[in-house]
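Tertiary structure, described
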Amino acid sequence: MKNKSLVSITDYSKENIAEILRMAKLFEEKPNQRILEDKVVASLFFEPSTRTRLSFESAVNRLSGRVVGFSESGSTSVSKGESLKDTIKTIATYTDLIVMRHPLEGSAKYASEISDVPVVNAGDGANQHPTQTLLDLYSIYKTQGKLDNLNIFLVGDLKYGRTVHSLLMAMSNYNPTFHFISHPRLAMPDEYKMFLNSKNIKFFEHEDFTEIINQADIMYMTRVQKERFSDPIEYEKTKDTYVLKNDILVNTKTNLKILHPLPRVNEISDEVDDNKKAYYFEQAKNGVYTRQAILAAIFGLKPENDIN
Amino acid sequence: MENEKKLLVSAIRNGTVIDHIPAKDLFKVISILGLDTIDVPMTFGTNLESQKLGKKGVIKISDKYFEDNDLNKIALITTEARLNVIKDFKVSEKREIKVPDKYVVGIAKCVNPKCVTNHENIQTKFTVFDAENLSLKCEYCEKITDKKHLKIIK
C-alpha cells in the first residue's frame, strides 16, 4: 500500500483491507497522533461534499499534518480552462499526497497516472468511492466482530448506487448472503449478479420489506433519487415502500445494524435515529479513523500505539 | 465471375490485399489503418458484388505490410474481412483478423459521456471484456462500450 494510489476498492487485497481495519481500530483508540507532522496533503474537491472532505481533513489534522486545497473548483484556475492534467501535475509538486473528488468518471485513475505523489480517490462521478467502502467495512467489522458469513441486506437504489456496488465487490471476499430490496426499476444490475454467481455467493431479490429481514445482520440503506424515475407519479407511489420505520424493525436480530452512506432524504424515518440498531452517524464517525488508517498506510507509517 | 473482379480492381505484384470488407465499412477501415497518409500506390473498390456480403469493399496496397496490432484494429470494425499478403502476384500468406487479446489503446472512443477520456486529452485504453461480442471495458471509468456503440477515433 505504501506510496500506492487508492483509486478503486479492487486496488486493495483482502490482506490490505485487514491491515486498514486493524489500523483504523488503533486510531479510534488514539485519534490524535503526531505522525504526519512533516506532511502536506492536498484536498481537491472539484464538486461539493460534506462528510468525505471534512472527515479527510479531520483525519489529516488529527495526525498533525497540514491540508491545502479547495472545496469547489470555481475559485481555481480550472475556471480559466486549465486541464485536469496541468492542475494535478502542479499540485503534486506542492504536496505529499492528493485526495481528490471530481465529477468525471475515471478522473482519479488518470490523476494517479500523471501525479508524482499518491492519489486517493474521494469519489469520481458515479464510478468509485473506495474510502467509503473501507469505512463501511470497518463499521461492519466493528459492530459484528467479523466480516465472514454475514446476512447483508442492500436496500433502495441498487442500480445506480456506487456505494452498494463497491460494498458488494468488497464483501464478496467474506462469504456473505445478500438480499436485495428495491423497486424493479432500481434493481441490482446483471453484471453484479453474474459476478456473485461466478463466486457462488447466494443472493435473493425482493420488491419490499418482508419478514425475511429478521435474518439481517446488516441493513445498508441508500437514497432513492427522484430523477431516476422518468414518471414522477411512479416515484410518488413507490418512495414510501422503501422507507425504514421502527415497526419494521420490531422482530429483527439484536446484532442488526442499519448503515447508510448519507446524505439521507426520507428513506430512514427520523424515529429510527434513536433506535439502538441505527448506526449511520457512528458510521460517519468511523470515516475519520478509516481515512487516518488509509493515509498512514500510504505514507508507510504506523500508528503510535501500534505494538506490532 | 473471377475475371470480372480482376477487371474492376487490378492485381498487385507485392503488398497487402484486404478483401471481403462490408461495403459500408470500407472507409472506416481506410481511416483506421491511416491509409490516407501513406505514400504508396493503392486501389480501393467498393460496392462490388459479393455472394457472402451482398456488397463488399476491397483494398489493395502495393509494397506495404502491416503489423498484427494494426490489423487487429480492423477487427473493431469488422471481423468479416480477409487479409492476404501478396508476393509476386501470389498469395503468400493469409492473415487472420482478430480482436486484440488484451488491450485496445487509442483506437476506440468510450461510450460514457462522463468519462474523463471524453473531456481531457487522454489516449483511451480498454480491456477486451468479451472478444466474441466485441465489448470493451474502459480502463478509466470502468464502463462497457459494446459493438453497437463503438466509435473509432481518427
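Residues numbered from 1 in each chain as written. Chains lettered and ligands numbered in written order. Predicted model: local features only at pLDDT ≥ 70, side-chain atom pairs only at ≥ 80, totals over all residues. Heavy atoms only, no water.

1. Description of the pattern of salt bridges
Residue and element names in this part refer to chain A. Under the defined criterion, the tally for this structure stands at 20 salt bridges over all chains. The salt bridge involving Lys30 is made with Glu304; its shortest N-O contact spans 2.6 Å. Separated by 274 residues along the polypeptide, Lys30 in the loop between helix H1 (14-29) and strand S1 (40-45) and Glu304 in the segment after helix H9 (280-299) bring together distant segments of the chain. Glu304 sits in the partly exposed class, given a relative accessible area of 42%. Arg264 is the salt-bridge partner of Asp273, the closest N and O atoms lying 2.7 Å from each other. (Salt bridge = Lys/Arg side-chain N within 4 Å of Asp/Glu carboxyl O. Helix = DSSP H or I, 4+ residues; strand = E, 2+ residues; numbered from the N terminus. Buried < 20%, exposed > 50% of the residue type's maximum accessible area, 1.4 Å probe, protein only.)

2. A few points about the environment of Ser79 of chain A
Residues and elements named next belong to chain A. Structurally, Ser79 can be placed in the loop between strand S2 (66-70) and helix H3 (84-94). Take Ser79: its relative accessible area is 53%, and that puts it in the exposed class. Separated by 40 residues in sequence, Ser79 and Lys39 place their C-alpha atoms 28 Å apart. In this structure, Ser79 is in contact with Ser73 and Gly74, ignoring residues within four places of it in sequence. (Contact = heavy atoms within 4.5 Å.)

3. Focus: the packing of helix H2 (residues 51-62) of chain A against H9 of chain A
Residue and element names in this part refer to chain A. Across the interface, H2 lies against H9 with an axial gap of 8 Å and an inter-helix angle of 55°. Considering their axes alone, H2 and H9 lie oblique with respect to each other. Here the hand of the crossing between H2 and H9 comes out right-handed. Residues Arg51, Thr52, Ser55, Phe56, Ser58, Ala59, Val60 and Arg62 of H2 form the contact with H9, whose participating residues are Ala284, Gly287, Val288, Arg291, Gln292 and Leu295. (Axes fitted to C-alpha atoms, helices over the stretch in contact; angles between N-to-C directions. Parallel < 35°, antiparallel > 145°, perpendicular 65-115°, else oblique. Left-handed = near helix turned anticlockwise from the far one by under 90°.)

4. Some details on empty space enclosed by the protein
Residue and element names in this part refer to chain A. One pass over the full model with this rule turns up one cavity of 30 Å³ or more. Lining the largest cavity are Val224, Tyr235, Lys239, Tyr242, Asn266 and Glu267. Each residue belonging to the lining of the largest cavity can be placed in one class, and the counts come to three nonpolar, one polar and two charged. (1 Å grid on protein atoms, 1.4 Å probe; cavity = no way out; pocket = protein on both sides within 12 Å on 5 of 7 lines; lining within 4 Å. Points joined across faces, edges and corners; volume = space filled by probe spheres on them. Nonpolar A, V, L, I, M, F, W, Y, C, P; charged D, E, K, R; others polar.)

5. A few points about helix H4 (residues 107-114) of chain A
Residues and elements named next belong to chain A. Among the residues of H4, those classed as buried are Ser107, Ala108, Tyr110, Ala111 and Ile114. Viewed along the axis of H4, the buried residues span an arc of 160°, placing them on a single side of the element. Along its buried surface, H4 packs onto H3, strand S3 (97-102) and strand S4 (119-124). (Arc of directions from axis to C-beta.)

6. Focus on the nonpolar core
Judged by nonpolar contacts, the single largest core of 56 residues is most densely connected at Leu134, Leu137, Leu154, Met171, Phe178 and Phe180 of chain A. Looking at which element gives the most residues to this core, the answer is H9 of chain A, with nine residues. Each of domain 1 (9-129 + 287-299) and domain 2 (130-284) of chain A contributes no fewer than three residues to this core. Setting aside its immediate chain neighbours within four residues, Leu154 of chain A contacts Val164, Leu167, Phe178, His179, Phe180, Ile181, Met188 and Tyr220 of chain A. In terms of nonpolar packing, the next biggest core, distinct from the first, is built from 54 residues, Met100 of chain A together with Ile21, Ala108 and Leu150 of chain B among them. (Core = buried A, V, L, I, M, F, W, Y, C linked by side-chain atoms within 4.5 Å. Domains from an automatic or database assignment.)

7. A few points about the sheet that holds strand S8 (residues 125-130) of chain B
All names here are of chain B. The four strands are arranged S6-S8-S9-S10 in an open sheet whose pairing can be described as antiparallel. Since the sheet does not close on itself, it has two edges, and those belong to strand S6 (103-105) and strand S10 (144-145), each with one partner. Pairing between S6 and S8: three bridges, direction antiparallel. Residue Val105 lies in a different strand from S8, and its bridge partner there is Lys125. (Pairing = 2+ DSSP bridges.)

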